Amino acid sequence: MDFDTPGFSLISTFRLDGQGTTTSGATLATFVILLLVFVVSFAIGRRPKGRPFSRPWLKEWLAAALPRITIAALLALGFYLVSSIISDPQAGVRAACSSPLKPITSQPVTSERVDKAAEGMKQLSVAAGAGDAALATRLFVGSDTHSLTHDIDGRLRQADPELAKQLCMSVVTIENQLTGKIDPGTVKRAADTAAGLLEQAAAEPGVLQK
């Protein structure tokens, strides 16, 4: 394909650093699709009879246009919704972290557990960086590294809601990765972030239990 063709240039404007469509790009694409469907439907459909722009002509035009506009609008809306989801892959993660994660155990949130969890995240980062998906999964799934991040969430939200949400998003990102197709770079970044946030969380008043 010729990258200088108008079609490719238009499509390329919907991309941002290879990460999917931008919101403005999705909006523009939605408008273009709506317009094209509308125009094409009239090009191949039955044209109004009578003198153009007369009252009977306009009534017939409107009667024919309404179902076409509805279909075009539904197609454009569907594209916009899909594009919006693709353009913001973290939307689902943020939604999952809008409320505290459910505790996995009833164990107290102690300094020792937090320290071990932070160290576990660092080990997870190393495993992901080495491309060892099996080891990364073993280090996280079923471990207290994972359990602690859930157990601490409610207490941390009371002390520092923003810090708690950041930790939650890192944890949910790791969970999503390890239960699907793993991107080692994403797991490594999330684990590194989680390790640092756990260390910060340990210093928050009222978070730790003795």
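This is a predicted model, so every value here is computed, not measured.

K.L.:
Go over the overall build of the protein with me, naming the residues and quoting the values.
P.N.:
The helix and strand inventory of the protein stands at 10 helices and 0 strands. Across the protein, helices and strands are ordered from the amino to the carboxyl terminus as α-α-α-α-α-α-α-α-α-α. Taken over 210 residues, the protein has a buried fraction of 33%. Long-range pairs, those at least 24 residues apart, make up 70% of the contacts in the protein with a sequence separation of at least 6. Surface summary for the protein: the accessible area is close to 12,600 Å², and the carbon and sulfur share equals 63%.

K.L.:
Run through the packing of helix 5 (residues 111-129) against helix 6 (residues 133-140), naming residues and quoting values.
P.N.:
Where helix 5 meets helix 6, the closest approach of the two axes is 8 Å, and the angle between their N-to-C directions is 165°. By the criterion of interaxial angle, the relationship of helix 5 to helix 6 is roughly antiparallel. The crossing of helix 5 and helix 6 is left-handed. Residue-level inspection shows Met121, Gln123, Leu124 and Ala127 of helix 5 in contact with helix 6, the latter providing Leu135, Ala136, Leu139 and Phe140.

K.L.:
Give a description of the nonpolar core that names residues and reports values.
P.N.:
Counting residues in hydrophobic clusters, the biggest one holds 33 residues, and the most contacted among them are Met121, Leu124, Ile152, Leu167, Ile174 and Leu198. For this core, the secondary structure elements donating two or more residues are helix 5, helix 6, helix 9 (161-178) and helix 10 (184-202). What isoleucine 152 contacts, discounting residues up to four positions off in sequence, is Val109, Val114, Leu167, Ala201 and Val207.

K.L.:
Lay out the state of the cysteines in plain terms, naming residues and giving numbers.
P.N.:
Inspection of every chain in the model, using the stated rule, returns 1 disulfide. Each disulfide pairs two cysteine sulfurs, and for cysteine 97 the partner residue is cysteine 168, the sulfurs being separated by 2.1 Å. Where cysteine 97 bonds to cysteine 168 through sulfur, the torsion about that S-S bond is close to -90°, and the disulfide is left-handed. Of the two residues, cysteine 97 is situated in the loop between helix 4 (91-96) and helix 5 and cysteine 168 in helix 9; the sequence distance between them amounts to 71 residues. According to the relative accessible area criterion, cysteine 97 is buried, its value standing at 2%.

K.L.:
Quick one: what's the story with the confidence of the model for the protein, residue by residue and with numbers?
P.N.:
A residue-level look at the protein finds 76% of positions with pLDDT of 70 or above and a mean pLDDT of 81. The low-confidence segment residues 1-22 (pLDDT under 50) makes 22 contacts with residues lying over four places distant or belonging to another chain.

K.L.:
Could you give an account of the pattern of salt bridges, naming the residues involved and the relevant values?
P.N.:
If you walk through the whole model with that rule in mind, you get 6 salt bridges. When the shortest N-O distance is used, the salt bridge between lysine 122 and glutamate 199 registers 3.0 Å. Note that lysine 122 is positioned in helix 5 and glutamate 199 in helix 10, a separation of 77 residues in sequence. The salt bridge involving arginine 157 is made with aspartate 153; its shortest N-O contact spans 2.9 Å. In this pair, arginine 157 and aspartate 153 are both assigned in helix 8 (residues 153-159), 4 residues apart and thus about one turn of the helix distant. A single network of salt bridges, built from pairs that share partners, joins Arg113, Asp144 and Asp151.

Cut-off values and rules
- Residues numbered from 1 in each chain as written.
- Predicted model: local features only at pLDDT ≥ 70, side-chain atom pairs only at ≥ 80, totals over all residues.
- Heavy atoms only, no water.
- Helix = DSSP H or I, 4+ residues; strand = E, 2+ residues; numbered from the N terminus.
- Buried < 20%, exposed > 50% of the residue type's maximum accessible area, 1.4 Å probe, protein only.
- Contact = heavy atoms within 4.5 Å.
- Areas by Shrake-Rupley, 256 points an atom, 1.4 Å probe, with all protein chains shown as cover.
- Axes fitted to C-alpha atoms, helices over the stretch in contact; angles between N-to-C directions.
- Parallel < 35°, antiparallel > 145°, perpendicular 65-115°, else oblique.
- Left-handed = near helix turned anticlockwise from the far one by under 90°.
- Core = buried A, V, L, I, M, F, W, Y, C linked by side-chain atoms within 4.5 Å.
- Disulfide = S-S within 2.5 Å.
- pLDDT = per-residue confidence, 0-100.
- Salt bridge = Lys/Arg side-chain N within 4 Å of Asp/Glu carboxyl O.

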